[in-house]
Amino acid sequence: METVDTSERLARLRQLMQERKVDVYIVPSEDSHQSEYIAPCDGRREFISGFSGSAGTAIVSMTKAALSTDGRYFNQASKQLDSNWALLKRGVEGFPTWQEWTTEQAEGGKVVGVDPALVTPAGARSLSETLKKNGSSLVGVEQNLVDLVWGKDRPAPPREAVRVHPAQYAGKSFQEKIGDLRKELENKKAAGIVISMLDEIAWLFNLRGTDIPYNPVFFSYALITPTTVDLYVDDDKLTPEVKAHLGQDVVIKPYDSIFADAKALSEARKQDATGAAPKFLLSNKASWALSLSLGGEEQVEEVRSPIADAKAVKNDVELAGMRACHVRDGAALIEYFAWLENELINKKTTLDEVDAADKLEQIRSKHDLYAGLSFDTISSTGPNGAVIHYKPEKGSCSIIDPTAIYLCDSGAQYLDGTTDVTRTFHFGKPTELEKKAFTLVLKGLISIDTAVFPKGTSGFALDALARQFLWKEGLDYLHGTGHGIGSYLNVHEGPMGIGTRVQYTEVPIAAGNVISDEPGFYEDGKFGIRIENVIMAREVQTTHKFGEKPWLGFEHVTMAPLGRNLINASLLSEHEIKWVNDYHAEVWEKTHRFFENDDYTRSWLQRETQPISK
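A short tour of the structure in this document, coming up. Everything numeric in this text was worked out from a predicted model, so none of it was measured.

A closer look at the overall build of the chain
Moving on, step 1. On a plain count of helices and strands, the chain comes out with 20 helices and 28 strands.
Moving on, step 2. Rg of the C-alpha trace for the chain: 25 Å, near the compact-globule value of 25 Å for 614 residues, within the 12% margin.
Moving on, step 3. Seen through its C-alpha atoms, the chain measures out along the principal axes to roughly 75 × 55 × 50 Å.
Moving on, step 4. Counted over contacts in the chain with a minimum sequence separation of 6, partners at least 24 positions apart contribute 70%.
Moving on, step 5. Here the chain has roughly 25100 Å² of accessible surface; of this, 50% comes from carbon and sulfur atoms.
Moving on, step 6. Taken together, the 68 basic and 87 acidic charged side chains of the chain have centroids lying 2 Å from each other.

This is the structure in structure tokens:
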């Protein structure tokens, strides 16, 4: 995690700001589709600030620069930002939000600029209203100023081919999905919907791409009305197979022409003599630029996308795929951890964190339906484990210390599902503190896994179940407890999750949701502990049915041993010990067949899945 000297870049940006009469300039992390993970060509915030984490906002005034990010990245940002930058720790008392910092810098009637393609309409409205209070204003600067600073060194936009995602994995035809969407449009009496989130388009049309690393999506927009379906994607990305799949009902239009078409729709609506023309729906995650093209909030109804809600409830085929791919993925992890222990302890091999991550990728790639990783592998030894989203890089990463805790958070894309799993191992003798911390985290994981709750309960309400055992000791962790996961799609998927984010109060957990369960604990400068399983919400039978509601619980699908020597069984209840033993028996039963010709891995798995007792 090297520091980049950003002095020259900031000087050039400030020169452009001056020319355009902008006093403060905002550089979000997202692309024009509000993607969390982005293509290299959209890495503007990283380019200008030097900070490479996936979340954060950079703000540059004529004399100062600040970067705001969340608890996952405090450690990383403090290492990567040079002396030009102030770090704003989101959610920490005493630190302003990036909006507050921007408002402070803009005092006295100054102009704040942002690329309108990179912020949501609600975000722009909120900031604009705050700025107005002190006589300042927000303007959309259509030509992105960071792109101008970046110049010819900016990577070219990807032009990879789009692929069909077959019904045997999708479980439902795209025509059925569009039919369901049209029923939503009818219910809301809408003229149509403009879709800009890339994973929503990939899911809706049963297509996948490779435009963004680790996320099987492609740059596109879609416009659905009661009678038409337009897909805005560059034609040279579409193979004959994709065109045959889409058939005659889907009209293909150039990617960039969405804005001109949106303006034409807006004009047509204005010409409606009755003044009662129905509005177009626009996701609340679409861009300000797209909303403005459609005529702004008077012409558009901003909604939580009905496609996001539908996509989050997996059908039976997708759920079966999740179960199957997690067994294969578990087998890959078992082979990897057995190999790693053998190399470090028996062979005394010197391995760095990247060597280990590369080996895991190579093992995963042997398995059926493998389609790549789902994010950068977090392979971290000792103190690096406390950097929550640590990314090891050759040349600057650490040698794995066999006497320290090793944390590995990794995942893969398979044609039948997406995986995300974290395991924390110690290949030597852990300290009592490490065992206690690990066991408190494990108790939190089990508490979520075994939770039973009435339909309508949100992930916000469940979050404390995972933290309660740490809280009793005055401990905590600075990240969410669980996020939604796509089906051969993005590893982070909304709208539901388990955590303290406000949006998690808005969307209850529903049967068919696939979510991570990942409490942790981090001792800065020493070690990190996280245990992560993927769980699927389902209806469960209860003795009573208070309020005549359905009751929900979870099914875990991740199949990898937990790390027996880090468990302090005396801190577990009988119920928790039974859970651990049942879980390990299930891991053995579902994965041992992969190692019929691999005695070492099989014996390692046998040892790691032996029952524990007090």
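What follows picks up the thread again.
Describing the sheet that holds strand S4 (residues 85–89)
Backbone-to-backbone hydrogen bonds pair the strands of a sheet. The strands run either parallel or antiparallel.
Moving on, step 1. The strand order S4-S3-S2-S1-S5-S6 describes an open sheet built from six strands, whose pairing is mixed. With one partner strand each, in any of the chains shown, S4 and strand S6 (137–140) form the two edges of the open sheet. If you compare each strand with its neighbour and ignore which way they point, the axes differ by 25° on average.
Moving on, step 2. Taken together, the two bridges between strand S1 (residues 24–28) and strand S5 (residues 111–114) define a ladder with parallel strand orientation. Residue pairing in the sheet places tyrosine 25 in a bridge with glycine 113 of S5.

Concerning the side chain of histidine 165
Moving on, step 1. Its location among the elements puts histidine 165 in the loop between strand S7 (163–164) and helix H7 (167–170).
Moving on, step 2. Classification of histidine 165 by relative accessible area gives buried; the value is 3%.

Considering the packing of aromatic side chains
Moving on, step 1. Under the defined criterion, the tally for this structure stands at 17 aromatic pairs.
Moving on, step 2. An angle of 0° between the planes, with centres 6.0 Å apart, marks the rings of phenylalanine 425 and phenylalanine 427 as stacked. For the pair phenylalanine 425 and phenylalanine 427, a shared accessibility class is recorded, and that class is buried.
Moving on, step 3. For the pair phenylalanine 594 and phenylalanine 595, a centre-to-centre distance of 6.4 Å together with 50° between the ring planes defines the contact as tilted.
Moving on, step 4. In textbook terms, an aromatic cluster arises when at least three aromatic residues are bridged by ring pairs, as seen for Tyr336, Phe337, Trp339, Tyr406, Phe425, Phe427 and Trp604.
Moving on, step 5. A cation sits over an aromatic face here: lysine 177 above tryptophan 203, 4.1 Å from the ring centre.
Moving on, step 6. Residue placement shows arginine 467 over the ring face of tyrosine 477; its charged tip is 4.0 Å from the ring centre.

Structural notes on the pairing of S6
Moving on, step 1. In terms of strand pairing, S5 meets S6 through four bridges, oriented parallel. In the sheet register, valine 112 faces S6, and the bridge partner there is leucine 138.
Moving on, step 2. As for the winding sense of the linkage, the β-α-β connection from S5 through helix H5 (residues 121–132) to S6 is right-handed.

Describing empty space enclosed by the protein
Summary: where empty space remains is shown by rolling a probe the size of a single water molecule over the atoms.
Moving on, step 1. Summed over the entire model, instances satisfying the criterion amount to one cavity of 30 Å³ or more.
Moving on, step 2. Of the pockets and cavities examined, the largest cavity occupies roughly 30 Å³.
Moving on, step 3. Lining the largest cavity, in full, are Leu265, Ser266, Arg269, Phe280, Leu294 and Gln299.
Moving on, step 4. Top element by residues in the lining of the largest cavity is helix H11 (residues 258–270). It accounts for three residues.

Topic: the pattern of salt bridges
Moving on, step 1. Counting across every chain of the model gives 40 salt bridges.
Moving on, step 2. With a shortest N-O distance of 3.8 Å, arginine 154 and aspartate 42 are connected by a salt bridge. Remark: aspartate 42 occurs in the loop between S1 and helix H2 (44–49) and arginine 154 occurs in the loop between helix H6 (145–150) and S7; sequence separation between them is 112 residues.
Moving on, step 3. The buried category is assigned to aspartate 42, whose relative accessible area is 8%.

Definitions and cut-offs
- Residues numbered from 1 in each chain as written.
- Predicted model: local features only at pLDDT ≥ 70, side-chain atom pairs only at ≥ 80, totals over all residues.
- Heavy atoms only, no water.
- Helix = DSSP H or I, 4+ residues; strand = E, 2+ residues; numbered from the N terminus.
- Rg over C-alpha atoms; globule rule 2.2 N^0.38 Å.
- Contact = heavy atoms within 4.5 Å.
- Areas by Shrake-Rupley, 256 points an atom, 1.4 Å probe, with all protein chains shown as cover.
- Lys, Arg positive; Asp, Glu negative; His and termini not counted.
- Charge placed at Lys NZ, Arg CZ, Asp CG, Glu CD.
- Pairing = 2+ DSSP bridges.
- Axes fitted to C-alpha atoms, helices over the stretch in contact; angles between N-to-C directions.
- Buried < 20%, exposed > 50% of the residue type's maximum accessible area, 1.4 Å probe, protein only.
- Phe/Tyr/Trp six-rings, centres within 6.5 Å; stacked < 30°, edge-to-face > 60°.
- Lys NZ or Arg CZ within 6 Å of the ring centre and 35° of its normal.
- Right-handed = clockwise from strand over helix to strand, strands pointing away.
- 1 Å grid on protein atoms, 1.4 Å probe; cavity = no way out; pocket = protein on both sides within 12 Å on 5 of 7 lines; lining within 4 Å.
- Points joined across faces, edges and corners; volume = space filled by probe spheres on them.
- Salt bridge = Lys/Arg side-chain N within 4 Å of Asp/Glu carboxyl O.

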